[in-house]
Amino acid sequence: MTGIRETRDFFLCCISVIYLIAFSSLYVQIPGLYGDNGILPAKLAMEDKEISSWEEILEGQPTLLRLMPKLGLSTETGMDLICLLGILISFCCVVFSTARDMVSFTLLWMMYLSLYQVGQTFLWFQWDILLLETGFLTILVAPLNLQFLSSRHHHHDRITLWLVRWLLFRLMFASGVVKLTSGCPTWWGLTALTVHFESQCIPTALAWFWHHLPQWFLKLSCVATYVIEIPIPLMFFSPVKSMRMFAFYSQIALQMLIIVTGNYNFFNLLTIALCISLVEDDFIKRHKVKKLPRIQSYFNWIFSLVVYGSLIYQIVMQFSLRILFSPSFEIKSKIAFSKEQFSGWLENLVPVTIILGAVSLGYHIVSSLFRCLVKEKGIWKLWSLAQCAVMAIVAVAMFSLSLIPYTVLDQGSTKFIPNPVFRMNEKLDSFQLTSSYGLFRVMTGVGGRPEVIIEGSNSVESGWKEYEFYYKPGNISRVPPIVAPHQPRLDWQMWFAALGSYQHNTWFVHLIYRLLTGQREVLDLIQHNPFPDKPPKFIRAKLYHYHFTGQTKKDKWYSKKNWWVREEKSEYFPALEKDNTSLKDYLKRTGLVMVDKQKSTKQGVTWLGFCVDYIRQLIGQPEGFSFVITITGTAVLANVFSFIFK
């Protein structure tokens, strides 16, 4: 049992780090995003229903923020309090292994769910939803850590870690499949990566170099992405250990390449944490491994040879791979199957994966129960069997619930799901226990990455100056920054805003109004305010298309000193002043004006509210990346030192 316990503990430590990143990253942005002076005041997302008892918190909108009036706290102060508690608990979980128990992870999950419920568009990202689903599974993985119980009776760990593996499979498999089901011409033409590095939300400097790699290599990288995300995840359930470890290294390699070329906050770290469920007992710490019987070794060798051989053959055939040595070396590739063929293949494969998952889960349940019977004695046998039985029931329920979002890939597969599962899903839907996934479904920015540039002036005719954000492209000579694991949520939403119009982004109009009124909390989210003394009379926004500069003078977008070139496309938001009648009418409809009027009717400050506000005054809204790295780095170093001097 020693090996599986180390795998479990390492997974719990990684999730603790990710929670710490998530809470600290969000904390520094709360006043500007969700405060009463922010872009989307959280109180606008709160239900008006009063809570007369603690049980009512589970009804309707499940968020601890509904309890804040009982503590004499406003919604904004309540969000600060929850984030601070989340930072404190996750910090302790990183540093102290005894703190990583079921109680701690239950609190962390409840607090992040509470923030998610009022987070609105700034918290509606797939990685936030993935963290909530992973967080709930972590509650099941974490031990109780009761002193009067032996810590070695955890045969059910294999069952709970299997649920993590199933989540990893759904995430990766769906991410690969949706690229093809979307019908995106760049994914079908294997040209997505010739656009991706330039058009992604916040690229790194290395993205510039990857963007200029040979086109044949980038197309081959698309093929590799499909292989890693679609067929290789099937190896997660292989009976051969070496195949599972091959799948593990493949996923880690993909995530590391994404990390060095793009700033995707804690998402890639969270995916890597999920990959720990693939790790064998003797991987984290080398234990003496029993030599396999000769017949089993032969079976593993033959099975692996057949699988790898079939995989290589299908890759060559389905992507028409050809190696050319003249006039220069390159590997040609193109998709050799049609959309109809892929749809038919998917219709057959999704049910197979459901059966594969059910069989694999059944095997882990039976084997865990068998270990309880064989390896335990006396009362501990009953205790271990009881734990395995409870976790088996929970695992079957979670697996069944997960099939509802999973079968979005193939609607015909919903016939495998019993009706009671649908009813249970409806009751639990607001708790975000499970969700569907699918990243980079459609590649944007094919003709150049769209970017919204906000400008201010005291005259409509002249004097326009740009607002410079911390991380998103703006200044064409600035080096693409390293932001991850921090997520600058305003910069991210500016990227989404550029893909649409301001009419479909209420928060953008609120942002413009906050800039016109010179709200300090919102300006703290922006690196350079060109009007530090007094807000401008007018604000407007223009839409540009950005391109990475070329490498040589022969390239169209060549520049010796800049990282970007840009071309103005159109007006995004017309020049307005804060007293504009249409703007004020719009703000009344969205409720922002009502929030401003309610500021003068704040409740009296309690001792708890005073403490939380005092911490906020001390910390303020610092630059997010430095804050997150400082908090997380301190916790990780403390963990390392505690391990060394143990």
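To keep things clear, this report deals only with the structure shown in the data block. Bear in mind the structure is a predicted one, so any value in this text is a computation, not a measurement.

Description of the nonpolar core
Core analysis: the biggest nonpolar cluster contains 191 residues, and I454, L490, W507, F508 and L511 have the highest contact counts within it. For this core, the element with the highest residue contribution is helix α6 (residues 157-181), accounting for 16 residues. Dropping the residues within four chain positions of it, W507 is found in contact with I39, L40, T121, F122, L490, Q493, M494 and A497.

Description of empty space enclosed by the protein
Scanning the model with the defined rule gives four cavities of 30 Å³ or more in all. Approximately 130 Å³ is the volume attributed to the largest cavity. The wall of the largest cavity is formed by 14 residues, among which Q29, Y470, Y471, H486 and L525 lie closest to the centre. Class assignment for the residues of the lining of the largest cavity results in seven nonpolar, four polar and three charged.

Brief notes about the sheet that holds strand β7 (residues 538-548)
In space, the four strands of this open sheet follow the order β4-β3-β7-β8, with antiparallel pairing throughout. Only two strands of the sheet have a single partner each, and these edge strands are β4 (465-466) and β8 (564-576). Where helix α17 (residues 489-498) meets the sheet, its contacts fall on β3 (449-457), β7 and β8, and the angle it forms with β3 comes to roughly 110°.

Remarks on the packing of α6 against helix α12 (residues 267-275)
Contact pair α6 / α12: the axes reach a minimum separation of 8 Å and the direction vectors enclose 130°. It follows from the interaxial angle that α6 and α12 lie oblique. Crossing geometry of α6 relative to α12 is assigned as left-handed. Contacts from V164, L167, L168, L171 and M172 of α6 reach α12 at F267, T271, L274 and C275.

Describing the state of the cysteines
According to the stated counting rule, one finds zero disulfides in the structure shown. Not engaged in a disulfide, the cysteine C222 finds its nearest cysteine sulfur in C184; these two sulfurs lie 9.8 Å apart. Exposure remark for C222: the relative accessible area of 0% places this residue in the buried category. There is no disulfide at C275, and the cysteine sulfur nearest it, in C14, is 11 Å away.

Quick notes on unusual backbone geometry
Note the cis peptide between S326 and P327, where omega equals 5°. Looking at where P327 falls in the secondary structure, it is placed in the loop between β1 (322-324) and β2 (330-332). In this structure, the amide linkage connecting A484 to the following residue, P485, adopts the cis form with an omega of 15°. Structurally, P485 is set in the loop between β5 (468-469) and α17. Located in the positive-phi region is N265, a residue other than glycine, with phi close to 45°. Position of N265 among the secondary structure elements: in the loop between α11 (241-261) and α12. Take N265: its relative accessible area is 4%, and that puts it in the buried class. Of note, Q432 is a non-glycine position whose phi angle comes to about 55°, a positive value. Within the element layout of this structure, Q432 appears in the loop between α16 (419-428) and β3.

Rules and cut-offs
- Going along each chain's sequence as written, the residues are numbered from 1 onward.
- In keeping with the model being predicted, local features are shown solely for residues with a pLDDT of at least 70 and side-chain atom pairs are shown and tallied solely at 80 or more, while totals for entire chains, interfaces and linings include all residues.
- Only hydrogens and water are removed before side-chain values are computed, so all heavy atoms of the structure are retained for them.
- In this text, buried Ala, Val, Leu, Ile, Met, Phe, Trp, Tyr and Cys residues form a nonpolar core when linked through side-chain atoms within 4.5 Å.
- Exposure classes here rest on a 1.4 Å probe applied to the protein chains alone. A residue is buried below 20% of its type maximum, exposed above 50%, and partly exposed in between.
- Segments assigned H or I by DSSP are reported as helices when at least four residues long, segments assigned E as strands when at least two residues long, and all are numbered from the N terminus.
- By the convention used here, residues are in contact when the closest approach between their heavy atoms is within 4.5 Å.
- Of the two site types, the cavity is a set of points on a 1 Å grid over the protein atoms alone where a 1.4 Å probe fits but cannot get out, and the pocket is an open set with protein on both sides within 12 Å along at least five of seven lines, each lined by residues with an atom within 4 Å of a point.
- Grid points are joined across faces, edges and corners, and a volume is the space filled by probe spheres set on the points.
- Side-chain classes are defined by residue name, with Ala, Val, Leu, Ile, Met, Phe, Trp, Tyr, Cys and Pro counting as nonpolar, Asp, Glu, Lys and Arg as charged, and the others, Gly among them, as polar.
- Two strands make a pair as long as DSSP finds a minimum of two bridges between them.
- Helix axes are fitted to C-alpha atoms over the stretch in contact, other axes to C-alpha atoms as well, and angles between N-to-C directions run from 0 to 180 degrees.
- Just so you know how the angles are binned, under 35 degrees is roughly parallel, over 145 roughly antiparallel, 65 to 115 roughly perpendicular, and the rest oblique.
- For any pair of crossing helices, the crossing counts as left-handed if the nearer helix is rotated counterclockwise from the farther one by less than a right angle, and right-handed if it is rotated clockwise.
- Our working definition of a disulfide is a cysteine sulfur pair at a distance within 2.5 Å.

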